[in-house]
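Chain and residue survey
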Amino acid sequence: MQKIYIFYLSFILTILFTTLALSQTIVFQDNFDTYTAGQQIACQSAGIWQTWTNNPCSATEDAYISNVYSFSGTNSILIKQNNDVVRDHGLLLNGVAEINFQVFIPAGKAGYFNTLANFAPPTYVWAMQVFFNSPGTGTLDAAGANAAAFSYPQNMWFPVKVVADLVADRGEFWINGSLIHSWQYSKGTFGSPTIAMSLDGTDFYGYTINDEMYIDDYNIVYTPIASNKISSTTTGGNWSSGSTWVGESIPDQNRDVEIVAGATVTLTANTNRNGRTIVNGNLDCGIFNITGTGHFVLSAYATLRTASSAGINSTGALGNIQVTGSRTFNQYANYVYNGTNTQVTGDGLPQSVKSLSINNSTGVTLINNTSVFGTLNLNNGNLFTNSNILSLGTSVTNLGVLNSSFGSVVGNFNRWISNSSSILFPVGTSPTKYTPVTLGNVVGSGTFSVSAIAGIHPTILNPNFLQMYWKLTSFGITSTDITFNYLDSDVVGDENQYSLFKYDGNWLPYSPITLNTTANTVTIVGVSSFSDWTLGIDDPLPVELSLFSATTIGSTVKLSWQTATEINNYGFDVERSAVKGNWEKIGFVNGNGNSNSAKNYSFIDDKISAGKYSYRLKQIDNDGQFEYSKIIEVDFNCVNKFELSQNFPNPFNPTTTINFNLPQAGMVRLTLYNILGQEIRKLVNEYSEAGTHTVNFNANDLNSGMYIYKIEANGLTQTRKMTLAK
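Residues numbered from 1 in each chain as written. Predicted model: local features only at pLDDT ≥ 70, side-chain atom pairs only at ≥ 80, totals over all residues. Heavy atoms only, no water.

Take the nonpolar core next. Judged by nonpolar contacts, the single largest core of 67 residues is most densely connected at Phe296, Tyr335, Leu356 and Phe484. Setting aside anything within four residues of it in sequence, one finds Leu356 in contact with Tyr335, Tyr337, Leu349, Val372, Thr375, Leu376, Asn377 and Leu383. Listed in part, the 45 residues of the second largest apolar core include Ile41, Ile79, Val103 and Ile220. (Core = buried A, V, L, I, M, F, W, Y, C linked by side-chain atoms within 4.5 Å. Buried < 20%, exposed > 50% of the residue type's maximum accessible area, 1.4 Å probe, protein only. Contact = heavy atoms within 4.5 Å.)

With that out of the way, let us pick up the sheet that holds strand 11 (residues 148-151). The antiparallel open sheet is built from 7 strands, whose spatial order is 3-6-15-8-9-10-11. The sheet is open, and its two borders are formed by strand 3 (50-51) and strand 11, each paired with just one other strand. Where strand 6 (residues 84-92) and strand 15 (residues 199-205) come together, 6 bridges link them in antiparallel fashion. Bridge pairing in strand 15 links Asp84 to Tyr205. (Pairing = 2+ DSSP bridges. Helix = DSSP H or I, 4+ residues; strand = E, 2+ residues; numbered from the N terminus.)

Following Asn650, the chain continues to Pro651 via a peptide bond in cis, the omega torsion being 0°. Note that Pro651 resides in the loop between strand 51 (643-644) and strand 52 (655-662). Here the residue pair Asn653 and Pro654 is connected by a cis peptide bond, since its omega of -10° sits within 30 degrees of zero. Here the phi dihedral of Glu248 falls at roughly 55°; this positive angle occurs in a residue that is not glycine. You can see Glu248 is positioned in the loop between strand 18 (236-238) and strand 19 (257-259). In this structure, Asn714 takes a positive phi of about 55° despite not being glycine. By relative accessible area, which is 38% here, Asn714 ends up partly exposed.

The 5 strands are arranged 17-19-22-25-27 in an open sheet whose pairing can be described as parallel. Both edges of this open sheet fall to strand 17 (230-231) and strand 27 (327-329), since each of them pairs with a single strand only. Here 3 bridges tie strand 25 (residues 296-298) to strand 27, and the two strands are oriented parallel to one another. Paired with Phe296 across the strands is Arg327, a residue of strand 27.

Written out as structure tokens, the structure reads:
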């Protein structure tokens, strides 16, 4: 037995009566989470739920609350043989009533329920009845025995809807958003006798020894409708066309209007409505609005297409629906965003919906956490979550369905998954950067979340890393294979040397991996823990030295150097050699630890006499590892000539040394230009003493080609050329 928990959103379902003035009334709703699992429902609910013979706590009739399966929250109600539980909500008359609930029937099991037109013992009037048989097939008795046959999914949750249109004398039975059958409601279950136009309750009954049916998220809604309501034809058409409406008369703004199931009605202009607008079929608003003092009802399994930049809103003059009466957006409806300019969902979109479709190439932005318990269609364009979370599915028995063609999620995407061979997370870091993650060979059941985040991870200081990363979290997944997709535009450094890194307080290389630089993918298998992931060059240089120079100042030599980045840099030993190969430590300079910005250092050697000297730096990590810099040489003799020497080596890659002599102190500028004469950078820009000066230059960030370097000091100028050959 498996206990299922929802990860994000559930219904706010308590025992209540709530009336939305003159519009849709939520007569009753319950998700059974307020009751104690393992105890009987009528025993706990003080007459809200009752047994057929009004005998709460009956060992035979009263059904138990279960936490084995649930569609949302933790609980459901379990109907087994001889259980007979009724929700009697009182007679509804002269309007349209909907009964909605979720059903779970394990493989090989069965179930049954009926709808009551009247429940007033000893008077019982059935309006219809449904048998869910064990092979996943069923039959409906409505205005005749075996009026319709159908199939249903076993071992997973599916929604059921019963409609009683007490004005039009029409009943409807829906499964999974599909209309199974409609009939003349007043003909009752078997066609005779004629029943009253009323709805009184639902009866869940354990009909056979094989019955095992779980019910969750039960609700009844009611819409009072005027008797002079005008309905669309079954095919619909443009709102402003008479042929769209029964009787071929365009509705007066004060009349109640119904778009019937299966019909599509399209707005071709802004429409003023002071009567009720009830959508049981499809309403395509485009860029046009419905205004006026009327009420708007989007029923379960209906479809609303919105192209307004503001989407749909519960109040105010924003979005396609702007009536000042009540606005009802049913969570079992289908919501399609198909604008041509950027859209937001709007606060009218329920936070838990049956179906959400994105078909807007310019993108749609969520303004709240949103859970899709049915189907998510990413047809075209991006769905931006910002700090919100998009969740698909509600439990391991309701995983939801993803259809992804030309759309992606930019932000936070959570999915329920269970022992699957392939699960796609179509995520990206921006509207033009699609960097999906695919799971394979999933072992375990639970939730999995993926976010693709633009920019190098804030804890990474080395620049040779992918300019994005993935954040993965999971609850309940034991093991999975993962394939990451990246883009060439995010690659920095040599892609062929990339390793995959996982963040665990520190960035650690993960192996083995399969890196495909042609397809831009990296795959790992059997992953059992999840964190932040990215790609980069393994064993990166801990300190990137960008400049190292020496200057004679009087009887001293000043060494200056600059780092571009530092990782765990303890510091620098300064070493000098007067005889080739014989090095001595003459000082130490503390490092900056970790840094991703330029840092400048200097050291003065004041214990020398005339002669030639070599200098180098020994960079030391916090763990004791070290590396040596390039060597620079200083001729510590009297200088009487202004001279800029040819760099050595030349051509070079990527470092070279430049020497220059100053016969007298002064302001010195040593500048690097490209072949077009555009300044690239200043290598020296400071007051310098007379003497010989050495600059070690790192051109790692420049392209191959010819460059010009020029010195300016004391009114004198010299230039030379150098060649970088990578």
